Amino acid sequence: MSICIIGDVMMHTRQLQYDHSHFLDDLRPLLSEADLSIANAEFTLAGPPYTGYPAFSAPDTYLSSILDAGVDVLLTANNHILDKGPKGLERTLKQYGVFTGSGLDDEQYSRNNPLLLTVKGVRIALVNFTYGTNSGSAAEFPKVSRMNRTEIARQMKRARDLADFVIVLPHWGEEYVLRHNRTQQEWAEWLVEQGADAIVGAHPHVVQDTTFIKGVPVIYSLGNAVSNMSAVNTRLELAAVLKLVHRKGSKETCILRPELKFLWCTLPGKKTDNFRTVVVEEQIGKRGDWIDASDYDNMMQTLERVKKTTGIE
């Protein structure tokens, strides 16, 4: 079975002015062809007034658009999930369907962390946590899963006991830096010891390098999926497709080498008149299709620069 994972789905102030139902249109085949698709929901659904950075609150219809594009599971452990405080998070989680990384109460938190799913007969456990949140909360609940080794070790043990594959999805690292740091590496090594089968991270808003630790694939950062960011390297991102093999009736499992697809978030007036995330390989050689051909050049230059620094082919 296959899992497709994309990075930060955001809703900046400028994005609020456009039809968000088309932001992820070009990713529909990628998301829908996978048996399970996952996205990092880096916004709240705290209700109006709708706001962008630094405290996100998107319209409820944004969620519908994301799910309609083919996303099955939302990651909620990120630094912006408490942007509108505990009440904002509470309203957000009541709107979400299948999610992990947080919980309204002890029962929901325990049920969703780790999140256990069975897809095509394969038992999957998802473990999602964040280094922290921009806005804190003194209340115990609603609770966000954080980078606490005691808590994450508990989740990992339950995941290992109940699932065929354990996928860890941390929100970590330094923003805008194309290579992982020591903390990420130490945590990745520890997570492998705890039984992770794959580690796919987010938060830096750029693509970071990838590696294998004792045979376990580690993708340190996917970058953004869709946003209004324009800083260097922030519009290039990855979609990671994990292919898992499990022999029914036995404990034999393996994960194939991840398939990494570069994506590019086009801004209004560049490729179309809207925000639109495209698959880079599908655009190569189509410079003439762009409203602003210089943005095609920007995409290709960014691709080469990021490949060179991260070592990703």
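Residues numbered from 1 in each chain as written. Predicted model: local features only at pLDDT ≥ 70, side-chain atom pairs only at ≥ 80, totals over all residues. Heavy atoms only, no water.

Draft legend 1. Representation of the nonpolar core. Counting 41 residues, the largest nonpolar core has I6, V9, F43, Y62, I66, L74 and Y96 as the members making the most contacts within it. Those elements that provide at least two residues to this core are β1 (2-9), α1 (28-33), β2 (36-41), α2 (60-68), α3 (85-95), β13 (224-226), β14 (236-246) and β16 (259-266). Each residue touching F43, except ones within four places of it in the same chain, is listed here: V9, F56, A58, Y62, I66, I81 and Y96. Core analysis: the second largest hydrophobic core is formed by 38 residues, L36, L117, L244 and M299 among them. (Core = buried A, V, L, I, M, F, W, Y, C linked by side-chain atoms within 4.5 Å. Buried < 20%, exposed > 50% of the residue type's maximum accessible area, 1.4 Å probe, protein only. Helix = DSSP H or I, 4+ residues; strand = E, 2+ residues; numbered from the N terminus. Contact = heavy atoms within 4.5 Å.)

Draft legend 2. Looking closely at the sheet that holds strand β10 (residues 198-200). Reading across from one edge, β6-β7-β9-β10-β12-β11 is the order of the 6 strands in this open sheet, with mixed pairing throughout. Sheet topology places β6 (115-119) and β11 (210-213) at the edges, where each strand pairs with a single neighbour. Each neighbouring strand pair of the sheet contributes to a mean axis angle of 20°, computed without reference to strand direction. Bridge count for β10 against strand β12 (residues 216-219) is 2 bridges, and the pairing is parallel. (Pairing = 2+ DSSP bridges. Axes fitted to C-alpha atoms, helices over the stretch in contact; angles between N-to-C directions.)

Draft legend 3. Spatial organisation of the pairing of strand β9 (residues 165-171). Counting buried positions over the 7 residues of β9 gives 7, a clear majority of the element. Here β9 shows no split at all, with F165, I167, L169 and H171 on one side and V166, V168 and P170 on the other all buried. Pairing geometry for strand β7 (residues 122-130) and β9, over 7 bridges, is parallel. Within β9, the residue paired with A125 across the bridge is V166. Direction of pairing for β9 relative to β10: parallel, over a ladder of 2 bridges. Residue pairing for β10: V168 is matched across the bridge by I199. One crossover worth recording links β9 to the parallel β10 by way of helix α6 (residues 182-193), and it is right-handed. (Right-handed = clockwise from strand over helix to strand, strands pointing away.)

Draft legend 4. Representation of α3 in the model. What α3 keeps buried is the set G85, G88, L89, T92 and L93. When α3 is viewed along its axis, its buried side chains cluster within an angular range of 130° and face the same direction. Opposite the packed face of α3, turned more than 90 degrees from it, sit the exposed residues K87 and K94. Contact partners of the buried residues in α3: β4 (99-100), β5 (102-103), α4 (106-112) and β8 (143-144). (Arc of directions from axis to C-beta.)

Draft legend 5. Fine view of the packing of aromatic side chains. Taken as a whole and judged by the stated rule, the model has 11 aromatic pairs. For the pair Y18 and F275, a centre-to-centre distance of 5.4 Å together with 85° between the ring planes defines the contact as edge-to-face. Here Y18 is found in the loop between β1 and α1, whereas its partner F275 is found in the loop between β16 and β17 (276-279), with 257 residues between them in sequence. A residue is classified by how much of its surface remains accessible, and F275, at 0% relative accessible area, is buried. If you follow K143 out to its NZ or CZ, it ends over the ring of Y109, 4.4 Å from the centre. Residue placement shows R149 over the ring face of W187; its charged tip is 5.0 Å from the ring centre. (Phe/Tyr/Trp six-rings, centres within 6.5 Å; stacked < 30°, edge-to-face > 60°. Lys NZ or Arg CZ within 6 Å of the ring centre and 35° of its normal.)

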